[in-house]
Every structure is written in C-alpha cells, then in structure tokens.
Amino acid sequence: MKVSRANIRWLDSGLPYSNKFDDIYHSEDDALGESLHVFINGNNLINRWQEQKNECSVFTIAEIGFGTGLNFLQTCHQWQLTSQHPRSLHYLAFEKYPISKPDLQKILAVWPQFETLSEGLLTSYDDHSSGCHRIILTGDIILDLYFGDAKEQLSKLNNYHRSVVDCWYLDGFSPQLNEDLWSDSIFQKIAKNSAHGASLATYSVAAKVRNGLTEVGFLTEKKNGFARKRHMLCASYLPKIKKKQTHKQSSDREAIVPQWHEYPLPKAVTRTALVIGAGLAGCCTAYSLALRGWEVTVVEKGSKPASCASGIAQLSLRCRLFKTQSAISEFYLQCFIYARRQFGYLSQQGKFAWQECGVIQLNGAMNKSHSVTPELLCSLYDEAVAKPMSSDALGAIANATLRDDGVFFPGGGWVDPHSLCEAYLEHPNIHHVFNTEITKIESAGEGWSALNSVGSREFNGNNVIICTAASANQFDCLSQINLEPIRGHSTLLSATDVSNNLATVVSGTRSIFPSYNNEHCISASYENLYTENSQFHEFSNSNIAFAQELFADENYLGDIAATEQVAVRCHSADRVPIVGLIPDWSQMRIDFSELSRNAKAIINKAGAYYPGLFVNVAHGSNGLTSCPLSGEFLASLMSKENSPLSSAQAQSLNPARFLMRELKKQRMD
Ligand SMILES: Cc1cc2nc3c(=O)[nH]c(=O)nc-3n(C[C@H](O)[C@H](O)[C@H](O)COP(=O)(O)OP(=O)(O)OC[C@H]3O[C@@H](n4cnc5c(N)ncnc54)[C@H](O)[C@@H]3O)c2cc1C
C-alpha cells in the first residue's frame, strides 16, 4: 500500500533526472512545446473537444507515466483555453514511482503559466500510497492519479465493462529503459479500456510499440516528431478494421464475463436525484452529485442536518488500520486520503473549519486480536499516514504526558460534523427539506416515488439514494439487509487550564478531543439499544474514567461533565459499509440459486438491480472517513464516469454480497 517515491537527481541545467531509469524527465529543449505537439495535437484534442461539446458529458484521457504532471497541466490549460468543450474532463494517470511533493514543487515552479493549476495539484498531491487518488481540481476537471504498478492498477479499473477512455498518452521512460510499461499486457489493458475510436499518441515509434498496439486493435501512423525527433506515433482504436487486416478470428477484447456484482449501465436520464437522510452519508452523496451538475433534493426527518450519529459534537478522522493488504484495507486508506483532501478544500473555501491537528491512537485502543505491530504497520503504511511512536514522542505532539506508546496519524484531525454537513448542503444544486420522514418508496413508471409519513409524494424521479443508517431496512427494498444499531454515548467535559493545552485527538478505550467552545468531547461507549436510560449516567462516568487513563497525570481532566450526547451507529454484519445499487433480491435469489447447492458454481450472469435505486449506509464507527469517498463512488457510477473504487472494492461494498454469502453457505434456496 505504500509506494516507492521517485529517486531524483538535479542536473546542473536544473532538470530533474531519474536515477532509476537513467534519463531526464522531460526534454531539454522545449518541454511544453513537445507536450503540446505530441499529446494535444497528436490526439487532435482541441478540434475533438469543440466537435463533441454537446455529444458527451465527460471526456476521458488516460496517461501512462504521469511523471512531473506536465502533460496533465498542459491538457488542463488547453481545456480552459478552449471555449467550447464537453461538460467535464476526467484525467486518469498512472505512475509507479511518484515524484516527492517537494521535488514536484520545484519542477512545476518552472512553468509560471500553469501557476494556478499547479497550486491546485500540489495542494491535493499525496506522494505516498498506492491506489487511486481522486483529485477534484476544478468544477469541471477530475484527476484520478493511480500510484503503483500500471499493469496492476489498470487491471483494477472498474467501469462495468464500459470502455471509458477516449484518448491515451503513452509517456513513460522509453521502451529500452522501462520495458514493463510498453509490454503486450499493458497494450491489452489499454485496448480493454478504450472506447471505440479512442486515439493514442506517443513519442516512441519503436517497432515493439507499433506492433504491440496493432496487435490489440489500434491503427497506427507515424507522424512528424517534435524538434529534433524525426517521428512520433499516433493511433486510433478501431478493432474491427484491425481484424480485417489480420484475419484474426478471436475477439481483440478480453472476453466479457458477467458477474453478480456487475451493475447495469445507468440510463440516460435527467440528472435529478433524491437523497433520503441528511447525515454524513447523505450530505456527502448529495455534494458529489451536485458537483457534477445534478439537481439534488435532500429530505431529512430531523429539524437540521446531522441530527443523528453525524451530530456528535466532534468526530475524528483517522485511517482504519489493517494487518494485511486487501481491497478493504485499501478502501479505508483511499477514503482517509480523500476525506482529508476534501476537508482541506472546503476549509480553504471558508466553508467550515477542518482541524488538521493529527490523531494519536494509543496501543491500548486496539483490540488485541487485531493489533498491528509497529513492524507490520511500517511495512504496509507510509509514515505520512500512520507512524508508530513512543509515548514520549507522542506526548510531545499532544502536549500532554501519555501513558502508552501508539500510532500517530499526522494527516488526521477532527471536525464539527454539523458545520461540515451544512457546508455540503450549501451547494446551489442542493435543495433540502427538513422535518420530513420518507416512509415508502414505490416504483413509478421508469423511476421512483418517495412518500412521506402522511402518504404525500415528496419526490418523483429516476434516482433515489437511501442514506438513513440503521433505519434503512424499514424500506421494503432493504428489508433483507441485516443492520446492527449500536448506541454510543459521548460526554462533553469542561476544559481546565491544563487540558486546554491538548493539541491532538488522543484515542484509547475512549477518544478525547482538543477543547472546542471550552469543552472536550469524549467518545464513545458501545452499547446495545436495550440499555436502560437509568444507566446512562454510568456511561458518562466511564467515558471520563477511560479518558483520564490515557494521561499519566491522574488529575489531567476536570470532573465537570457538562452534557452528554447519545446516538446510534449503524454497522453491517461484516463491518464494511453498504454502498451501491439495491438488488432485486428475489430475482437474484432465482438467478444464483445454484450456489446454494454448489458454492463453487460459476454463474456467468450479471446481478439484477433496481435501476436508479441506491443505498449508502453502515459506516459504523468510521463514517467521517468513509462517507466522502463513498459519495464520490455513487456519483461517479450515476454519472457514468471512471470509478474511484476498484472492482474488488466496489464488490466488498455491494449490498448483494450478503445474499451471495448466504446462498453459498446453503442457507437459502
Ligand atoms: C458517539 C459516537 C461517536 C462517533 N465518533 C466517530 C468518530 O470520531 N469518527 C468517525 O469517523 N465516526 C464516528 N462515529 C460514527 C459516525 O458518526 C457515523 O459513521 C456517521 O455519522 C454515519 O453517518 P450516516 O449519515 O450514515 O448516519 P446518520 O448520521 O445517522 O444519518 C442518517 C440520517 O437519516 C435520517 N433519517 C432516518 N430515517 C429517515 C427517513 N425515513 N426519512 C428521512 N430521514 C431519515 C436521520 O434523521 C439521520 O439524520 C461516531 C458515532 C457515535 C454514535
């Protein structure tokens, strides 16, 4: 999950030089001119953008070899200079050895014409972890920056067999220096993800490249190269033409095998949606849709946003740690990185205050059976994400003497979730309705109707997203899902002169936050819903006692408990959020019934899902981390964009996973 950064040497000429590949990153002559000639003009982008202004809503470019980001910035610059173009630009870039942020800063300073774009990129640039880093650069430009081996990352792209890429830039170090990046298996993946007619440009005209691209269905053509280079290569993905040329019988694309977790393509419909529930899940989803131009109505039964679990006075952002690399551990890592990026952006806009003070998790906080040793932690996570430290070192950061060693999340922090939810809902494309409970969702023609508690229609349209946490299974379409409500008490404690100095969130059996409005929030107990109200005061006492245990000074905390807050978390059976299209349970039970007889049966059938009906719940104790990227995932799915989640990650979140598991355990017919 952590990646190796590029090993750069600076030449006397001021150019960055790769020690690994023994070459300079960009041309000595006129790097900008070369980028314009080879990639922008080589793909005929300006004309295509102008021609396609009404045809497609998203234009997708993918670059193999992100390097210094020069081609990306050049593309954004040209996009902004072109007055008429499709609605948005989605740029996918692959890089195995990311340039460190300080080096990138130095490199980009050479191109003042890109100053604003470079600043936007650098603010959001995290150089340390593998996977997809989603960066929303401007209202109409999204960058999905994939760090890690290109072959591996390309094979994780998850677009439900849609080939989303309209244009490719191949700009890795040359085939002689970096053979892997120009291999047949990379070319096959490029073909698999190419829309029919997709273009490709590269500076390399090596026979291996021409032949490899031809073999997978590209029609290649040598064109004049830039400056001293005689040739460059342009190509179009036209697999049928290629088939005629070579009389090859088999299909060029990998065989498409439908599977249960594959979602159908959304129909081309008006971009309107209803989000039910204005907690973090609902507000994040609404915001991501609104950013893409959707008109969103958010209906909430409480009198304001964040009126349930998302309404605790302070919530902390930290990365949920795992002992092994898996789709789920990568999901939480990506979520953590994305959430802090989004909070930083909103905070910079003055919409709310993101308190990036870091989070300390003392060793006692971890369930022993799940504890991650410092060695394991260092092998999986970059220290920019999570760093094991001694109690003394942690104490120096927290400004308090701590009892235990632990882990520091330098990029963590805390938010007032109520003001965060308000910041999301401020988007002009979002309309909200409070004090209204949705009790029923009915199918209505091609879409859905949502009825309130007096049976009146609140919404009629194609897309509904249920974000109502533990009460989601009150809707018929989700009655099959087992959701576990777990109550939590948090206590607000008056700060003292000493405790006012606490500089970070400190977590152990409880978490204590730096003072806010002269109070510390202490979170939280785990109780089942049937706890007697009369026992509530005991939870406050134990919250304070557990928080006090984090500190060496026995009188660190005062004892004036101001108030307490009670809220219910929503957990799924496997402790992973439930996010995606809602399955047509009975149809899927029929389609996949063979699994209940033979758990290993291979059923090549796409799952049956209700078109336009989505769910986003079960964020457990980590909703501040997982809600922002989950919202992005749904918005991308609904807008037919490249998904920020890999196929395995989306599968781990898919609501139908429980049915598949149950069938395999032969518990159902
Ligand atoms: C005490 C406590 C401390 C926590 N601390 C942290 C922390 O430090 N960090 C962290 O990441 N997570 C923390 N969590 C978990 C986090 O709060 C949740 O994961 C997150 O808030 C879940 O957001 P949600 O939108 O899914 O649910 P909710 O916030 O519960 O939102 C669901 C919304 O749906 C509305 N609703 C329900 N039914 C209907 C209906 N029929 N019609 C209309 N509206 C409806 C509800 O009123 C509610 O506003 C904590 C939770 C608790 C309880």
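The shown structure was predicted, so the numbers you read here are calculated from the model rather than taken from an experiment. (Residues numbered from 1 in each chain as written. Predicted model: local features only at pLDDT ≥ 70, side-chain atom pairs only at ≥ 80, totals over all residues. Heavy atoms only, no water.)

## Here we look at the domain arrangement of the protein chain
Right, on to step 1. In terms of domains, the protein chain is made up of domain 1 (8-246), domain 2 (272-307 + 419-482 + 574-664) and domain 3 (359-410 + 486-568).
Right, on to step 2. Distance between the C-alpha centres of domain 1 and domain 3: 45 Å. (Domains from an automatic or database assignment.)

## What to know about the packing of helix α3 (residues 70-81) against helix α5 (residues 115-124)
Right, on to step 1. Running from N to C, α3 and α5 cross one another at 130°; their axes reach a closest spacing of 10 Å. Judged by the inter-axis angle, α3 sits oblique to α5. Of the two elements, α3 crosses α5, and the hand of that crossing is right-handed. Contacts from Phe72, Leu73, Cys76, His77 and Gln80 of α3 reach α5 at Leu117, Ser118 and Leu121.
Right, on to step 2. The class makeup of the residues in the contact of α3 with α5 is five nonpolar, three polar and no charged. (Axes fitted to C-alpha atoms, helices over the stretch in contact; angles between N-to-C directions. Helix = DSSP H or I, 4+ residues; strand = E, 2+ residues; numbered from the N terminus. Parallel < 35°, antiparallel > 145°, perpendicular 65-115°, else oblique. Left-handed = near helix turned anticlockwise from the far one by under 90°. Contact = heavy atoms within 4.5 Å. Nonpolar A, V, L, I, M, F, W, Y, C, P; charged D, E, K, R; others polar.)

## A closer look at unusual backbone geometry
Right, on to step 1. Note that the residue after Ser523, namely Ala524, is joined by a cis bond; omega there is -20°.
Right, on to step 2. The topology assignment puts Ala524 in the loop between β27 (519-523) and α15 (536-548).
Right, on to step 3. Residue Asn399 is not a glycine yet carries a positive backbone phi of 70°.
Right, on to step 4. Tracing the backbone shows Asn399 in the loop between α13 (391-398) and β17 (406-409).
Right, on to step 5. At Asn518, a residue that is not glycine, the phi angle is positive and equals roughly 65°.
Right, on to step 6. On the basis of relative accessibility, which here comes to 49%, the residue Asn518 falls in the partly exposed class. (Buried < 20%, exposed > 50% of the residue type's maximum accessible area, 1.4 Å probe, protein only.)

## Looking at the sheet that holds strand β1 (residues 8-10)
Right, on to step 1. Taken together, three strands build an open sheet; the order of strands is β1-β2-β3 and the sheet is antiparallel. For this open sheet the edge positions go to β1 and β3 (23-24), each flanked by a neighbour on one side alone.
Right, on to step 2. As paired strands, strand β2 (residues 16-18) and β3 are joined by two bridges and run antiparallel to one another. Bridge pairing links Tyr17 to Ile24 in β3.
Right, on to step 3. Its contacts with the sheet place helix α4 (residues 101-108) against β1 and β2, and it is angled at close to 40° to β1. (Pairing = 2+ DSSP bridges.)

## Section: the site of the ligand
Right, on to step 1. Inspection of the region around the ligand gives 35 residues, with Glu300, Ser310, Ser316, Ile438 and Gly620 positioned closest.
Right, on to step 2. One of the backbone N or O atoms of Gly620 is found 2.8 Å from an oxygen atom in the ligand.
Right, on to step 3. The separation between an oxygen atom of the ligand and a polar main-chain atom of Gly623 is 3.1 Å.
Right, on to step 4. Against a free-state accessible area of 1,000 Å², the protein chains account for coverage of 96% of the ligand.
Right, on to step 5. Listing elements by their share of the shell around the ligand, those giving two or more residues are α10 (280-291), β14 (315-317), β28 (561-572) and α18 (623-638).
Right, on to step 6. In the shell around the ligand, the residues fall into 14 nonpolar, 16 polar and five charged.
Right, on to step 7. Inspection of the shell around the ligand shows a minimum of three residues originating in each of domain 2 (272-307 + 419-482 + 574-664) and domain 3 (359-410 + 486-568). (Near = heavy atom within 4 Å. Polar contact = N/O pair within 3.5 Å; in protein donor to acceptor, adjacent residues only side chain to side chain. Areas by Shrake-Rupley, 256 points an atom, 1.4 Å probe, with all protein chains shown as cover.)

## Details of the sheet that holds strand β8 (residues 165-170)
Right, on to step 1. One open sheet accounts for eight strands, arranged β6-β7-β5-β4-β8-β9-β11-β10; its pairing is mixed. Across the chains shown, the open sheet's two edge strands, defined by having one partner strand only, are β6 (131-138) and β10 (218-224). Direction aside, the axes of adjacent strands within the sheet are offset by 20° on average.
Right, on to step 2. As paired strands, β8 and strand β9 (residues 194-202) are joined by five bridges and run parallel to one another. The residue of β9 that forms the bridge with Cys167 is Ser199.
Right, on to step 3. This element, α3, spans β4 (58-64), β5 (88-95), β6, β7 (141-147) and β8 of the sheet and lies at about 175° to β5.
Right, on to step 4. Contacting β9, β10 and β11 (231-237), helix α8 (residues 207-215) runs over the sheet at an angle of about 150° to β10.

## Describing the layout of surface pockets
Right, on to step 1. By volume, the second largest pocket amounts to about 1,000 Å³.
Right, on to step 2. Ile24, Tyr25, Asp171, Gly172 and Phe173 are the residues nearest the centre of the second largest pocket, which is lined by 46 residues in total.
Right, on to step 3. Of all the secondary-structure elements, those providing two or more residues to the lining of the second largest pocket are β3, α1 (31-41), α3, β5 and α6 (150-155).
Right, on to step 4. Looking at the lining of the second largest pocket, the element that brings in the most residues is α1, giving four residues. (1 Å grid on protein atoms, 1.4 Å probe; cavity = no way out; pocket = protein on both sides within 12 Å on 5 of 7 lines; lining within 4 Å. Points joined across faces, edges and corners; volume = space filled by probe spheres on them.)

## Brief notes about helix α14 (residues 417-425)
Right, on to step 1. All of the buried residues along α14 are Pro417, Leu420, Cys421, Ala423, Tyr424 and Leu425.
Right, on to step 2. Two or three places before His418, at the opening of α14, Asp416 has a side-chain oxygen 3.0 Å from that residue's backbone nitrogen.

## Some details on the side chain of Thr75
Right, on to step 1. Within the secondary structure, Thr75 sits in helix α3.
Right, on to step 2. Overall, Thr75 belongs to the buried group, its relative accessible area being 0%.
Right, on to step 3. Here Asn71 takes part through its backbone oxygen, which lies 2.6 Å from a polar atom of the side chain of Thr75.

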